[in-house]
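Examining the three-dimensional arrangement
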Amino acid sequence: MQKDSERLRELSINHPSAWDMDRFRANWLLFVETLLKEEANSLIPSRRIRWQIEQTPAFQEVVADWDNMDGLHRLDAWKRLLLAAEDACRTILPACFQCGECCRVGSPTLHLEDLVLLQSGKIPWDQLVTLRKGEPALSPFDGRPFVLPEGRIKVREKEGLRECVFLISETDRCSIYDDRPLQCRAQACWDPIPASETAEMPFLLREHIFQGVDLMMEIIAEHETRCGFAVLPGAFEELSRSSGGNIQEVLRLLSYEEHFRQFVSDKFKIDKFKIPAQNMELLFGRSFTRMTTLFGFRVAEEPDGTRCLLVDEPGGRA
Ligand code: SF4
Ligand code: SF4
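First things first, this report covers the structure right here in the doc. (Residues numbered from 1 in each chain as written. Chains lettered and ligands numbered in written order. Predicted model: local features only at pLDDT ≥ 70, side-chain atom pairs only at ≥ 80, totals over all residues. Heavy atoms only, no water.)

**Details of the overall build of the chain**
Tallying secondary structure elements over the chain gives 14 helices and 8 strands in all. For the chain, contacts bridging at least 24 residues in sequence account for 65% of all contacts bridging at least 6. Per element, the accessible surface of the chain, about 17800 Å² overall, is 53% carbon and sulfur. (Helix = DSSP H or I, 4+ residues; strand = E, 2+ residues; numbered from the N terminus. Contact = heavy atoms within 4.5 Å. Areas by Shrake-Rupley, 256 points an atom, 1.4 Å probe, with all protein chains shown as cover.)

Listed below in structure tokens is the structure:
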């Protein structure tokens, strides 16, 4: 039986002489994606295959000359690109082409050896967030959910996405590529082993960052004691079990945790530690208010400043 890519190739090679550049690009994208679906090595993102070919001088010459080529030259150039794509699918070069695809499915977790990147300012403090012990997380290796056995420090992701904040959407490039963390340097879409080996290396913890700043560590410990993540699931389970009747504990926890953060910000004047107030998520992790979404809720603020706990769906209310 004829493969989809073979049929597509037969169909498309009849017409490239008439294609403008937009049509050329659309067919090129379609061909590479179809081809990848058929190849055994479908773990490799299609964008990466495209980038591997598109960065070659041969591809760039075709693109530069396309508008000036006659029909025969277009047909010949198109055939050469199809063969190059098939070859690239079978011969994955062991190199990162900075296609940005792996940066769209999660930001890196930091390791102890990344501390120097923070201390030197290569990675700004305010782009970090702490995930706390007990929080649900997704494995960066196979995407499976698991519960964090201890805290982790991660680069932030863009609001509402799993995309790393350092990925420049317009260019697919990493804005800190030369100074990217260990996990990113080990990331290799053609070989999962180096990245998985980083899981054996010591993770960066808040204890490393705030070493020697005893007061800060005491505040963090106090926050864990009073507002550890473990208290939230029980309160939401009770809310669910009572069909919304026992909401008081959830509201108390949200309110208490928010006041804790405010108190620290106001009274301990975090700036004296040279840590801006916007770094609360590095100090204490995501607020309970933000984490309500993990349990199917969200907190909304009314025009008069009243805050409501809503079921996380349009028009929902607890
Ligand atoms: S490692 Fe990531 S950014 Fe590099 S080529 Fe592979 S998918 Fe693209
Ligand atoms: S730091 Fe750079 S390489 Fe690492 S996930 Fe973010 S954008 Fe990608």
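**Re unusual backbone geometry**
One non-glycine residue with positive phi stands out, namely Q98, at about 50 degrees. Position of Q98 relative to the elements: it lies in the loop between α5 (71-90) and α6 (115-119).

**Side note on the packing of aromatic side chains**
Counting across every chain of the model gives 10 aromatic pairs. Taking the centre distance of 5.4 Å and the plane angle of 35 degrees together, the rings of F236 and F297 count as tilted. Here F236, found in helix α11 (residues 231-241), pairs with F297, found in strand β7 (residues 297-301); they are 61 residues apart in sequence, far enough to count as distant. Ring pairs connect the aromatic residues W19, F24, W28, F59, W66 and W78, which therefore count as one cluster. (Phe/Tyr/Trp six-rings, centres within 6.5 Å; stacked < 30°, edge-to-face > 60°.)

**Quick word on the site of ligand 1**
In the neighbourhood of ligand 1, the contacting residues comprise P45, R48, C96, F97, Q98, C99, G100, E101, C102, Q187 and C189. A class-by-class count of the residues in the shell around ligand 1 yields 6 nonpolar, 3 polar and 2 charged. (Near = heavy atom within 4 Å. Nonpolar A, V, L, I, M, F, W, Y, C, P; charged D, E, K, R; others polar.)

**Focus: helix α10 (residues 214-227)**
Because an α-helix completes one turn every 3.6 residues, residues spaced three or four positions apart along the sequence face the same direction. Between its first and last C-alpha, α10 extends 19 Å over 14 residues, near the 20 Å set by a 1.5 Å rise per residue. When α10 is considered as a whole, its buried residues turn out to be M216, I219, I220, H223 and C227. Looking straight down α10, one finds its buried side chains confined to an arc of 100 degrees; they lie on one side. Projecting away from the buried face of α10 at angles above 90 degrees are the exposed residues D214, E218 and T225. Contacts made by the buried residues of α10 are with α9 (206-209), α12 (248-267), α13 (280-284) and α14 (288-291). (Expected span 1.5 Å × (residues − 1). Buried < 20%, exposed > 50% of the residue type's maximum accessible area, 1.4 Å probe, protein only. Arc of directions from axis to C-beta.)

**Considerations on the pairing of strand β1 (residues 128-131)**
Residues L128 and T130 of β1 are buried on one face, and the alternating residues V129 and L131, pointing to the opposite face, are buried as well. Two elements, β1 and strand β4 (residues 152-155), share 4 bridges in a ladder whose sense is antiparallel. Paired with V129 across the bridge in β4 is K154. (Pairing = 2+ DSSP bridges.)

**Structural notes on the environment of S107**
For S107, the position within the fold is in the loop between α5 and α6. Assessed through its relative accessible area of 5%, S107 is described here as buried. Taking the C-alpha atoms as reference points, S107 and L167, separated by 60 residues in sequence, lie 9.4 Å from one another. A polar atom in the side chain of S107 sits 2.5 Å from the backbone oxygen of V155. (Polar contact = N/O pair within 3.5 Å; in protein donor to acceptor, adjacent residues only side chain to side chain.)

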